[in-house]
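The residues making up each chain are set out below.
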Amino acid sequence: MRPATSRSLEMLDATLRRIEQGQIDGIEALDELLLEELSLRENRRIKAALRMARLPVVKTLAGFDFSFQPSLDRNRIMALAGLDFIPRAEVVHLLGPPGTGKSHLATALAVEAVRAGKLVYFIPLADLVAQLAKAEREGPLRERIRFLCRASLLVVDEIGYLPVTPGGGTCSSSWSTLDTKRAP
C-alpha cells in the first residue's frame, strides 16, 4: 500500500471515530478529509517540481542567516520572495565573493517559485555551457534552448568560478543569476 493511501485511510478512520463520538458533524468531516487530500496532492506536486527543477539541495529563506551577511538588505531579499520579478521578466543577479550565500538565496527563491506553481530549472553555468555546446555539435540546439525557455525561472549558478571559453580566466567574484521568461 502506498504511504499516501495509508495516510488517507488513517485520516478516514480517525475522522469516523470523531463523528461517532459527536466531536464533528458530516460536513466538517468532509471538509477535513478534502483539506487533507488537497494537502497531500500539493506536497506531491511540490516534491515532483523540486525534482524537475534539479536543485542541488533545498534551501529556504527561513534557513538563511542574515546576521552572517549584515550588508545584505533583508527587506530587499524578502521582496524578491514575492516573485514579482518573474511576471515582469526581470533578471536578478546575486553578486559577491564565494561563500556569501548567493547560491543559498538563489535556491531559496527557486523553492519559493516552485511553491507558487512556477516552472523552475536550476543549472550551474559550466553545465549550461557544456549542454549547449554538446547540443550545437549534435544538432538539437534549438530543442535545448526551447527546453530552457519553458521555465518561468531559470537559475544559473556558479558564474565566475570556471572559465567559459578557453583562456577566458575566472572572475574575482562569483554570482548567481535568476532569469525569467522574457516576453516575445
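For the structure given in this document, a descriptive report is provided here.

Calculation notes
Residues numbered from 1 in each chain as written. Predicted model: local features only at pLDDT ≥ 70, side-chain atom pairs only at ≥ 80, totals over all residues. Heavy atoms only, no water. Helix = DSSP H or I, 4+ residues; strand = E, 2+ residues; numbered from the N terminus. Expected span 1.5 Å × (residues − 1). Buried < 20%, exposed > 50% of the residue type's maximum accessible area, 1.4 Å probe, protein only. Arc of directions from axis to C-beta. Contact = heavy atoms within 4.5 Å. Patch = residues over 30% accessible without salt bridge, like charges linked within 9 Å, V, L, I, M, F, W, Y side chains within 5 Å. Areas by Shrake-Rupley, 256 points an atom, 1.4 Å probe, with all protein chains shown as cover. Salt bridge = Lys/Arg side-chain N within 4 Å of Asp/Glu carboxyl O.

## A look at helix α5 (residues 125–138)
With 14 residues, α5 extends 20 Å between its outermost C-alpha atoms, agreeing within 8% with the 20 Å of an ideal straight helix rising 1.5 Å per residue. For α5, the full list of buried residues reads Leu-125, Leu-128 and Ala-135. Buried residues of α5, seen end-on, are gathered within an arc of 95° and therefore sit on one face of the element. Turned more than 90 degrees away from the buried face of α5, the exposed residues are Arg-137 and Glu-138. Here the buried face of α5 lies against β2 (120–124), α6 (141–150) and β3 (153–159).

## Points about a nonpolar patch on the surface
Taken together, Leu-9, Leu-12, Leu-16 and Ile-19 make up a surface patch of nonpolar side chains, about 290 Å² in accessible area. Relative to the helices and strands, Ile-19 resides in helix α1 (residues 3–20). On the basis of relative accessible area, Ile-19 is assigned to the partly exposed category, the value being 32%.

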